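An overview of the molecular structure
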Amino acid sequence: MSNRIFDEIPSFDANANQELSKEELLEMRMRLEQKFREVQQILKIDPNDPNSADTPERMAKMYVNELLEGRFNKPPKLTVFPNRSKVNDLVISKGIKVMSLCSHHWQPISGYAAIGYIPKDKVIGLSKLTRVTEYFAKRAQIQEELGEQIVDFLQDLLEPKALGVVIRAKHYCMIARGVSADESHSEMVTSVMRGRLLSDLNLRQEFLRLIDTR
Ligand SMILES: [Zn+2]
C-alpha cells in the first residue's frame, strides 16, 4: 500500500485541509488504531476489558472519518444563484449547529452559529450555510479561526455587500477539566463582520438584534 501520506505529505495545521484518498484514510486509521492500543497499555487499561477491547478501533474511526473529517476533504462545491430580484437586505440563517473539537485539548466545542449576508450578484441556498459550517467544524479548531474560515470561504463564493458570522459555543475543555466552568452558563461568543456589517453600525445592530434568541 502506498505510504504517500506518511512519506510525502508534510504535516499541516490542525484546522487546515488536504484531500486524501480512501486508501490513504484507511491506512491512517489502521496506524492510529495501533497507537491507541499503545495508549491504552500506557494508561494500564486491560485490553481484554470487554468495554475497552474495541475502543482503539472506534477511536481511530471516529477521528479520521468523523471528528477530523474536514481536514482530509476538499471544501463542498456549492451552487450559487443569480440575485434576480435584487435583494438588498440581510439574509440570515441562525441556529446552525456547531460541533467541533478544540485544538488545545481535543475536547468538544458545541454550540450554534448565525450567518447573515446582504447579496450583491449571488445568493445561495440557506442549507448550504450549514454545510460550510459543518465542513470547517470537522477538524481541530479554535473558535476564533472557525468563524474566520467560514467568512473567508463565503466571501470568496458570494462576494456579498455584507457578511457576518456569530458563533456561541461551550468549550468542554473548560467544563470537563481546568476551571470546571458551569455547563449551563459558560459560553464563548465570537463574531466576524465584513463589508457593510463592519462599516455600518446601524446595520450591525439590526443583525445582532435579529439573531439574538434570548
Ligand atoms: Zn481547549
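Structure: above.
Okay, so let's go over this structure. (Residues numbered from 1 in each chain as written. Predicted model: local features only at pLDDT ≥ 70, side-chain atom pairs only at ≥ 80, totals over all residues. Heavy atoms only, no water.)

This part is about the environment of F12. Mapped onto the secondary structure, F12 falls in the loop between helix 1 (4-7) and helix 2 (22-42). Remark: the alpha-carbon pair of F12 and G111, spanning 99 residues in sequence, is separated by 26 Å. (Helix = DSSP H or I, 4+ residues; strand = E, 2+ residues; numbered from the N terminus.)

Bound to the zinc ion on the protein side are C102 (SG), H105 (ND1) and C173 (SG), at distances that span 2.3 Å. The motif formed by the donor residues of the zinc ion, counted along the single chain, is C-x2-H-x67-C. A residue pair is termed long-range when its members are at least 10 positions apart, and C102 in strand 2 (residues 91-102) and C173 in helix 6 (residues 172-175) qualify at 71 residues. For the pair C102 and C173, one class covers both residues: buried. (Donors = N, O, S within 2.8 Å, 3.2 Å for Na, K, Ca; no water. Buried < 20%, exposed > 50% of the residue type's maximum accessible area, 1.4 Å probe, protein only.)

It is worth spelling out a nonpolar patch on the surface at this point. Judged by side-chain polarity, V39, L43 and I45 come together as a nonpolar surface patch covering roughly 250 Å² of accessible area. Relative to the assigned elements, I45 resides in the loop between helix 2 and helix 3 (55-67). Residue classification places I45 among the partly exposed positions, given a relative accessible area of 33%. (Patch = residues over 30% accessible without salt bridge, like charges linked within 9 Å, V, L, I, M, F, W, Y side chains within 5 Å. Areas by Shrake-Rupley, 256 points an atom, 1.4 Å probe, with all protein chains shown as cover. Salt bridge = Lys/Arg side-chain N within 4 Å of Asp/Glu carboxyl O.)

A word on the packing of aromatic side chains. Scanning all chains against the criterion turns up 4 aromatic pairs. Taking 4.9 Å as the distance between ring centres and 75° as the angle between the ring planes, the aromatic pair formed by Y135 and F136 counts as edge-to-face. With relative accessibility at 8%, the residue Y135 sits in the buried group. Members of the aromatic cluster, each reached through a chain of ring pairs, are F36, Y63 and W106. Above the plane of the ring of F12 lies R71, whose end atom (NZ or CZ) is 4.1 Å from the centre. (Phe/Tyr/Trp six-rings, centres within 6.5 Å; stacked < 30°, edge-to-face > 60°. Lys NZ or Arg CZ within 6 Å of the ring centre and 35° of its normal.)

Once that is clear, we can look at the nonpolar core. If you look at the biggest cluster of nonpolar residues, it comprises 27 residues, and the most contacted ones within it are I115, V132, F136, L146, I150, L154 and I167. The set of elements that each furnish at least two residues to this core consists of strand 2, strand 3 (108-118), strand 4 (122-124), helix 4 (126-137), helix 5 (143-158) and strand 6 (162-171). The greatest single-element share of this core, amounting to 6 residues, is contributed by helix 5. The residues touching V132, leaving out its near neighbours within four places in the chain, are L78, I150, F153 and L154. Core analysis: the second largest hydrophobic core is formed by 13 residues, L20, Y63, V64 and L68 among them. (Core = buried A, V, L, I, M, F, W, Y, C linked by side-chain atoms within 4.5 Å. Contact = heavy atoms within 4.5 Å.)

What follows is about unusual backbone geometry. Glycine aside, negative phi is the norm for most residues, and most peptide bonds take the trans geometry. Positive phi values are uncommon outside glycine, yet W106 reaches one of about 55°. Here W106 falls in the partly exposed class, since its relative accessible area comes to 42%. Look at E159: it is not a glycine, yet its phi comes out positive at around 40°. By secondary structure assignment, the location of E159 is in the loop between helix 5 and strand 6. With a relative accessible area of 42%, E159 lands in the partly exposed category.

This brings us to the packing of helix 2 against helix 3. Look at helix 2 against helix 3: their axes get within 8 Å of each other, and the N-to-C directions meet at 135°. It follows that helix 2 is oblique to helix 3 by the angle criterion. In terms of crossing hand, the pair formed by helix 2 and helix 3 is right-handed. Residues L25, M28, R29, L32, E33, F36, R37 and Q40 of helix 2 form the contact with helix 3, whose participating residues are T55, P56, E57, M59, A60, K61, Y63, V64 and N65. The class makeup of the residues in the contact of helix 2 with helix 3 is 9 nonpolar, 3 polar and 5 charged. (Axes fitted to C-alpha atoms, helices over the stretch in contact; angles between N-to-C directions. Parallel < 35°, antiparallel > 145°, perpendicular 65-115°, else oblique. Left-handed = near helix turned anticlockwise from the far one by under 90°. Nonpolar A, V, L, I, M, F, W, Y, C, P; charged D, E, K, R; others polar.)

Fair warning: the whole summary comes from geometry, so function is off the table for now.
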